Amino acid sequence: MRRKLIVGNWKMYGSHSANAELLAGIVGGRPYLADVAVCVPFPYLSETAVALAATDIRWGAQDCSAHEQGAYTGEVSAAMLQEFGCRYAIVGHSERRQYHAESDQLVADKAKAALARGVTPIVCVGETLAQREAGDTEAVVKRQLSAVIHTLAHCAGEMVVAYEPVWAIGTGRTATPEQAQAVHHLLRAQLHAATPRADAMTILYGGSVKPDNAAQLFAQADIDGGLVGGASLKAADFVAICRATT
Ligand code: PEP
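What you see is a predicted model, and the numbers here were worked out from it, not measured in a lab.

How each quantity is defined
Residues numbered from 1 in each chain as written. Predicted model: local features only at pLDDT ≥ 70, side-chain atom pairs only at ≥ 80, totals over all residues. Heavy atoms only, no water. Helix = DSSP H or I, 4+ residues; strand = E, 2+ residues; numbered from the N terminus. Rg over C-alpha atoms; globule rule 2.2 N^0.38 Å. Buried < 20%, exposed > 50% of the residue type's maximum accessible area, 1.4 Å probe, protein only. Contact = heavy atoms within 4.5 Å. Areas by Shrake-Rupley, 256 points an atom, 1.4 Å probe, with all protein chains shown as cover. Core = buried A, V, L, I, M, F, W, Y, C linked by side-chain atoms within 4.5 Å. Pairing = 2+ DSSP bridges. Axes fitted to C-alpha atoms, helices over the stretch in contact; angles between N-to-C directions. Near = heavy atom within 4 Å. Polar contact = N/O pair within 3.5 Å; in protein donor to acceptor, adjacent residues only side chain to side chain. Nonpolar A, V, L, I, M, F, W, Y, C, P; charged D, E, K, R; others polar. Arc of directions from axis to C-beta. Right-handed = clockwise from strand over helix to strand, strands pointing away. Expected span 1.5 Å × (residues − 1). Salt bridge = Lys/Arg side-chain N within 4 Å of Asp/Glu carboxyl O.

1. Notes on the overall build of the protein chain
Assigned secondary structure in the protein chain consists of 10 helices and 8 strands. Compactness check: the protein chain gives a C-alpha radius of gyration of 17 Å against a globular reference of 18 Å for 246 residues, within 12% of the reference. For the protein chain, the proportion of its 246 residues judged to be buried stands at 54%. Sequence-distant contacts in the protein chain: of pairs separated by 6 or more residues, those separated by 24 or more amount to 71%. If you sum the accessible surface of the protein chain, you get close to 10,900 Å²; carbon and sulfur atoms cover 54% of it.

2. Brief notes about the nonpolar core
If you look at the biggest cluster of nonpolar residues, it comprises 66 residues, and the most contacted ones within it are Val38, Leu81, Met159, Leu187, Leu191, Tyr205 and Phe218. Top contributing element to this core by residue count: helix α7 (residues 137-152), with 6 residues. Once you skip the residues sitting within four places of it in the chain, leucine 191 turns out to touch Leu145, Ile149, Met159, Val161, Ala198, Met201 and Ile203. Within the second largest apolar cluster, 12 residues are counted, among which are Cys39, Ile90, Cys124 and Ala162.

3. Here's the deal with the sheet that holds strand β3 (residues 58-61)
Strand order around the closed barrel formed by 8 strands is β1-β2-β3-β4-β5-β6-β7-β8, with parallel pairing between neighbours. Between one strand axis and the next, the sheet turns by 25° as a mean value, whatever way the strands run. Here strand β7 (residues 203-206) runs beside strand β8 (residues 225-228); their pairing, made up of 2 bridges, is parallel. Note that in β8 the partner of tyrosine 205 across the bridge is glycine 226. Packed on one face of the sheet, helix α5 (residues 104-116) meets β4 (88-91) and β5 (120-125) and runs near 160° to β5.

4. Notes on the site of the ligand
Near the ligand lie 14 residues; those nearest to it are Lys11, Glu164, Gly170, Ser208 and Gly230. In this structure, an oxygen atom belonging to the ligand sits 3.1 Å away from a side-chain N or O atom of asparagine 9. Side-chain polar atom of histidine 93 to an oxygen atom of the ligand: 2.9 Å apart, as the coordinates give it. When isolated, the ligand has an accessible area of 290 Å², and the protein chains bury 98% of it. For the shell around the ligand, the residue count by class is 4 nonpolar, 8 polar and 2 charged.

5. What to know about the environment of alanine 24
With respect to the helices and strands, the residue alanine 24 is situated in helix α1 (residues 16-28). A sequence separation of 27 residues divides alanine 24 from alanine 51, and the C-alpha atoms of the two residues are 8.0 Å apart.

6. Some remarks on helix α2 (residues 45-52)
Along α2, the residues that are buried comprise Leu45, Thr48, Ala49 and Leu52. Projected down its long axis, α2 carries its buried residues within an arc of 100°, all on one side. Buried residues along α2 sit in contact with α1, β2 (35-39), β3 and α3 (78-83).

7. Points about the pairing of β4
Judged by which residues are buried, β4 turns out to be covered on both faces: Tyr88 and Ile90 on one side and Ala89 and Val91 on the other are all buried. Alignment of β3 against β4, held across 2 bridges, turns out to be parallel. Note that in β4 the partner of glycine 60 across the bridge is tyrosine 88. The β-α-β motif built from β3, the intervening α3 and the parallel element β4 has right-handed crossover chirality.

8. Regarding α7
For α7, built from 16 residues, the straight-helix expectation of 22 Å at 1.5 Å per residue is met to within 8% by its first-to-last C-alpha distance of 23 Å. Residues of α7 that are buried: Thr137, Val140, Val141, Gln144, Leu145, Ala147, Val148, Ile149, Thr151 and Leu152. Looking at the buried residues of α7, the elements they touch are α4 (94-99), α5, β5, α6 (129-133), β6 (160-163) and α8 (177-192).

9. Considerations on the pattern of salt bridges
If you walk through the whole model with that rule in mind, you get 17 salt bridges. Between aspartate 222 and arginine 2 there is a salt bridge; the shortest N-O distance is 3.9 Å. With aspartate 222 in the loop between α9 (214-218) and β8 and arginine 2 in the segment before β1 (5-9), this residue pair connects regions lying 220 residues apart in the sequence. Look at arginine 2 and you get partly exposed, because its relative accessible area is 22%. Between glutamate 68 and arginine 117 there is a salt bridge; the shortest N-O distance is 3.7 Å. Here the residue glutamate 68 occupies a position in the loop between β3 and α3, and arginine 117 occupies one in the loop between α5 and β5, the gap between them amounting to 49 residues. Note on arginine 117: relative accessible area 33%, which makes it partly exposed. Salt bridges linked by common partners bring Arg2, Arg188, Asp222 and Asp224 together as one network.

Here it is in structure tokens:
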């Protein structure tokens, strides 16, 4: 039985005071049956680490450089994330693929760099609405995951995968539990062909997860929790989602 994982993606939101209130709310909602984590903007890693140090809530970043170190202005390395106690780094979020032209290979290289420093990459894959309507969902997510599987090779079983249909992110339009499960099933089958750990691996669903749809999504056989954007910014909503696991 896989343990559920709920990860909040704060995106580019936050302030010292808002973070303190949000983190206090999440800590106050314990105990959770699921593992819970927040992925925060880089400047807030330090205060998040302090606020969560004595708890079982984990934290992480929303990106990580593919490079170890060097003249890469603005980038943050996996070694730096490791120093901040990051458990996770989201890589390949659709907002980075779209606005920063991140390729499948770059995402795979970032995942490899994270793992090399003991930071678990949460690798996002997902199709756009046009790709879904063209019947290309399977081909797109398989291509995106395949790049990471090949690059991580024997370590592929150590990543977390997040299926995030682009048309469901921040739109209020959620994939139905059946639509999401169908893609998760495909992804797990692809992982089976690559690693003996496939059955133990965590595959998250992301895309307008809310307190009122979380339980149904998380009840699907291959959905092991959620990557939650907007709803992770309100403590009451995020706590409710974290509690929507059995
Ligand atoms: C996300 O940013 O990963 C996400 C899933 O956002 P939202 O929950 O707001 O759709």
